[in-house]
Amino acid sequence: MDAWGHLYAPVRTLAQVAGRAGEFAWGQGRDLPSVATALLHGDIDAAFGRVHPPLPAGLAHRRVRLEPVDAVLSKDHPLAAEPALQPDQLRDSTLWAPGALDRLDFLHQFADRFGIQNTATSVNLGLAHFLAEVAGEPTKILAGAR
């Protein structure tokens, strides 16, 4: 079995279950292409993580969990004082992603679904870089799953 996206709740949950069961053999996949290859070659039997199209022929996926999305925004953002946000409140913000949205399909779908027209992408240079980007631009938000 393989799992990727160690920062996300489904993978943390799966790791807890696997740790108790003790009978899982973990694959070495770091992203969807490597895990898809392992599945197609029979090196692993199942994988858990976010799927972005296109999925290679011979593989299928099924959504097993929906997650809340966290929004990180500057203290100067117009919505910063809100205790909770609804996605449609973010329409006038710029959704900033740590990579191309076609590689982060869940964010691309989120932006499309809730009418967030303004997007910006950058390279993944770690948490300190993310926070500096968001703090420096009051309209940017960084959205991600828990």
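Note that the coordinates shown come from a computational prediction; the quantities given were computed from them, not determined experimentally.

Definitions and cut-offs
Residues numbered from 1 in each chain as written. Predicted model: local features only at pLDDT ≥ 70, side-chain atom pairs only at ≥ 80, totals over all residues. Heavy atoms only, no water. Helix = DSSP H or I, 4+ residues; strand = E, 2+ residues; numbered from the N terminus. Buried < 20%, exposed > 50% of the residue type's maximum accessible area, 1.4 Å probe, protein only. Contact = heavy atoms within 4.5 Å. Areas by Shrake-Rupley, 256 points an atom, 1.4 Å probe, with all protein chains shown as cover. Arc of directions from axis to C-beta. Polar contact = N/O pair within 3.5 Å; in protein donor to acceptor, adjacent residues only side chain to side chain. Salt bridge = Lys/Arg side-chain N within 4 Å of Asp/Glu carboxyl O. Patch = residues over 30% accessible without salt bridge, like charges linked within 9 Å, V, L, I, M, F, W, Y side chains within 5 Å. pLDDT = per-residue confidence, 0-100.

1. With respect to the overall build of the chain
Inference 1: Counting its secondary structure elements, the chain contains 4 helices and 6 strands.
Inference 2: Along the chain, helices (α) and strands (β) appear in the sequence β-α-α-β-β-β-α-β-α-β when read from the amino end.
Inference 3: Taking all 146 residues of the chain together, the buried fraction comes to 27%.
Inference 4: Taking all contacts inside the chain whose residues are at least 6 apart in sequence as the whole, residues at least 24 apart take part in 62%.
Inference 5: Working note: accessible area of the chain is about 9400 Å², and carbon and sulfur atoms make up 53% of it.

2. Observations concerning helix H3 (residues 105–113)
Inference 1: Regarding H3, the residues found buried are Asp105, Leu107, Phe110 and Ala111.
Inference 2: Positive phi shows up at Gly115, right after H3, with a value of about 70 degrees.

3. Concerning helix H2 (residues 32–40)
Inference 1: Inspection of H2 places Leu32, Val35, Ala36 and Ala38 among the buried residues, and these make up the whole buried set. Taken around the axis of H2, the buried residues stretch over an arc of 160 degrees, which confines them to a single face.
Inference 2: With its phi angle positive at about 80 degrees, Gly42 sits one or two positions after the end of H2.

4. What about the side chain of Ser93?
Inference 1: Structurally, Ser93 is set in the loop between strand E3 (69–73) and strand E4 (94–97).
Inference 2: At 2.8 Å, the side chain of Ser93 forms a polar contact with the side chain of His77.
Inference 3: Among residues more than four places away in sequence, those in contact with Ser93 are His77, Ile116, Asn118, Thr139 and Ile141.

5. Thoughts on the side chain of Thr94
Inference 1: In this structure, Thr94 sits in strand E4.
Inference 2: Those residues in contact with Thr94 that lie beyond four places of it in its chain are Asn118, Thr119, Ala120, Thr139, Lys140 and Ile141.

6. Side note on the pattern of salt bridges
Inference 1: The final tally for this structure, using the stated rule, is 1 salt bridge.
Inference 2: Notably, a salt bridge pairs Asp76 with Lys75, separated by 3.7 Å at the nearest N-O pair.

7. Examining a nonpolar patch on the surface
Inference 1: Among the surface-exposed residues, Val72, Leu127 and Leu131 lie close enough to one another that they form a single nonpolar patch of about 250 Å² accessible area.
Inference 2: Along the polypeptide, Val72 turns up in strand E3.
Inference 3: A relative accessible area of 33% means that Val72 is categorised as partly exposed.

8. Things to note about the confidence of the model for the chain
Inference 1: Chain-level statistics for the chain give a pLDDT mean of 78 and a share of 79% at 70 or above.
Inference 2: The weakest mean pLDDT in the chain belongs to strand E1 (residues 2–3) at 61; the strongest belongs to H2 at 88.

9. Quick word on the environment of Gly99
Inference 1: Its place among the elements puts Gly99 in the loop between E4 and H3.
Inference 2: What makes Gly99 buried here is its relative accessible area of 15%.
Inference 3: Along the sequence, Gly99 and Val123 sit 24 residues apart, while their C-alpha atoms lie 5.3 Å from each other.
Inference 4: Excluding residues that lie within four positions of it along the chain, Gly99 makes contacts with Leu104, Thr121 and Ser122.

10. Here we look at the environment of Lys75
Inference 1: Tracing the sequence through the fold places Lys75 in the loop between E3 and E4.
Inference 2: Each C-alpha atom, one on Lys75 and one on Ala135, is 7.1 Å from the other, the two residues being 60 residues apart in sequence.

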